[in-house]
Amino acid sequence: MSHELRTPLNAVIGYSEMLADDAVAGGYAGIEPDLRKIKAAGTHLLSLINEVLDLSKIEAGKVEISAAQFDVATLIEQASAAVRPSMNDSNITLRVHCEAGLGSMYSDEVKVRQVLMNLLSNACKFTEKGSIDVMAGRIERAGAAWIKIAVVDTGIGISAEQIEKLFADFYQVDRSTTRKYGGTGLGLAISRRFCHLLGGEITVESRLHQGSIFTVLLPVQGVAQEMAASA
Ligand code: ADP
């Protein structure tokens, strides 16, 4: 199913990009904006399909956890480097603060990266000026070691009543922001389920017009099978 949906869509995205470049080179620059719109719509549809497929896999209990030992600071640096190009002409500063001795964790690296990327791309989308800080450290709780990663932004913030619904499937606070920046309303719903699957949690604190803090807490030695099964 996923292959059947993604392959033709990738062709639409790839060929519209090629045509846009060819149009400019061949003296038809006038049609370039329309071709870029086809590409943008295709890219949006692809992320929607990817997220709906992720969600249905989780709902069906078909998500596999592939755990390994990995360095947390490296993962955070990589995720931050991946969002930096999208911030090129913005007024925001992205800073990473990893506590000394953060070390490694035993978890599903791909899922942790997906959660972090989602939080970072949201922080970029919903912050017009100011900063985004990623703070990571180790804490002790209930006799175990946990990795705590907070993404702190100085963006538009979220009101108390909207915060309640934030992790619901397809929920978006403001559809006009979505029209401007894209998005599906599934990123946080999936991120929360992934954190639960990995034995952890994701929480949010926010003040309207002041900014938001999304915090991910994951066990250093995570992904016990019983945790995965009960998520
Ligand atoms: P998407 O970003 O694709 O719309 P998400 O599930 O990731 O979906 O986020 C849901 C909604 O939560 C967003 O549409 C936005 O309204 C709100 N939101 C998420 N992150 C932030 C943030 N850092 N600051 C303000 N609002 C946010």
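Quick caveat, the model's predicted, so the values are computed rather than measured. (Residues numbered from 1 in each chain as written. Predicted model: local features only at pLDDT ≥ 70, side-chain atom pairs only at ≥ 80, totals over all residues. Heavy atoms only, no water.)

1. A word on the domain arrangement of the protein chain
Going by this rule: These domain limits were set by an automatic method or by a database of domain assignments. Contact definition: two residues touch when any of their heavy atoms are within 4.5 Å. When two parts are put together, the accessible area they lose, computed with a 1.4 Å probe and summed over both, is reported as buried area.
On domain assignment, one finds that the protein chain holds domain 1 (2–59) and domain 2 (68–230). Just the C-alpha atoms count here: the centres of domain 1 and domain 2 sit 26 Å apart. The interface is formed by nine residues belonging to domain 1 together with ten residues belonging to domain 2. Taking both partners together, domain 1 and domain 2 bury about 840 Å²; carbon and sulfur atoms supply 70% of that area.

2. Considerations on the nonpolar core
Across soluble globular proteins, nonpolar side chains have a tendency to be buried as a group. The criterion, for reference: Nine residue types can take part in a nonpolar core, namely buried Ala, Val, Leu, Ile, Met, Phe, Trp, Tyr and Cys, and a core is a set of them joined through side-chain atoms within 4.5 Å. Buried, partly exposed and exposed residues are distinguished by accessible area as a fraction of the type maximum, computed with a 1.4 Å probe on protein chains only: under 20%, between the cut-offs, and over 50%, respectively. Labels follow the DSSP assignment, with helices taken as runs of H or I lasting at least four residues and strands as runs of E lasting at least two, numbered in each case from the N terminus.
Ranked by internal contacts, the top residues of the largest apolar core, which has 45 residues, are Ile76, Leu119, Leu120, Ile132, Ile149, Leu166 and Phe214. Counting residues per element, this core draws most heavily on helix 4 (residues 109–125), which supplies seven residues. Dropping the residues within four chain positions of it, isoleucine 132 is found in contact with Ile92, Thr93, Leu94, Arg95, Leu120, Ala123, Cys124, Thr127, Val151, Val152 and Asp153. With five residues, the next largest nonpolar core counts Leu9, Ile13, Leu46 and Leu53 among its residues.

3. Considerations on helix 3 (residues 72–83)
Note the cut-off: Each helix should span, by expectation, one fewer than its residue count multiplied by 1.5 Å. The arc under discussion is defined with respect to the helix axis, by the directions toward the C-beta atoms.
When the terminal C-alpha atoms of helix 3 are compared, their 17 Å separation across twelve residues agrees well with the 16 Å that a helix rising 1.5 Å per residue should span. Taken together, the buried positions of helix 3 are occupied by Val72, Leu75, Ile76, Ala79, Ser80 and Val83. Viewed along the axis of helix 3, the buried residues span an arc of 130°, placing them on a single side of the element. Those residues of helix 3 that are buried lie in contact with strand 1 (68–71), strand 2 (91–98), strand 3 (104–107), helix 4, strand 4 (129–141) and strand 5 (144–153).

4. Notes on the site of the ligand
Put simply, the test is: When we say a residue is near a molecule or strand, we mean one of its heavy atoms is within 4 Å of it. Two N or O atoms count as a polar contact when they lie within 3.5 Å, although within protein this holds only if one can serve as hydrogen donor and the other as acceptor, and sequence-adjacent residues are included solely when both atoms are side-chain atoms. The Shrake-Rupley method, run with a 1.4 Å probe, gives the accessible areas here. Residue values count only the displayed protein chains as cover. Note on residue classes: Ala, Val, Leu, Ile, Met, Phe, Trp, Tyr, Cys and Pro are nonpolar, Asp, Glu, Lys and Arg are charged, and everything else, Gly too, is polar.
Not every one of the 21 residues close to the ligand is listed here, only the nearest: Asn122, Lys125, Gln172, Thr184 and Leu188. Within the contact set of the ligand, an oxygen atom lies 3.0 Å away from a backbone nitrogen or oxygen of valine 173. Separating an oxygen atom of the ligand from a backbone N or O atom of leucine 188 is a distance of 2.8 Å. Across the complex, the protein chains shield 97% of the 530 Å² of accessible surface that the ligand would expose by itself. Broken down by secondary-structure element, the contributors of at least two residues to the shell around the ligand are helix 4, helix 7 (187–197) and strand 7 (211–219). It is helix 4 that contributes the most residues to the shell around the ligand, four residues altogether. Considering only residue class, the shell around the ligand consists of ten nonpolar, nine polar and two charged.

5. As for unusual backbone geometry
At alanine 142, a position not held by glycine, the phi torsion is positive, near 50°. Of note, the phi angle at phenylalanine 170 is positive, near 65°, even though the residue is not glycine. Assignment of secondary structure puts phenylalanine 170 in the loop between helix 5 (160–163) and helix 6 (175–181). Residue phenylalanine 170 is classed as partly exposed on the basis of its relative accessible area, which comes to 41%.

6. Here we look at the state of the cysteines
Applicable threshold: For the purposes of this analysis, a disulfide is any pair of cysteine sulfur atoms at a distance within 2.5 Å.
If you walk through the whole model with that rule in mind, you get zero disulfides. In this structure cysteine 195 is not part of a disulfide, and its nearest cysteine sulfur, from cysteine 98, lies 17 Å away.

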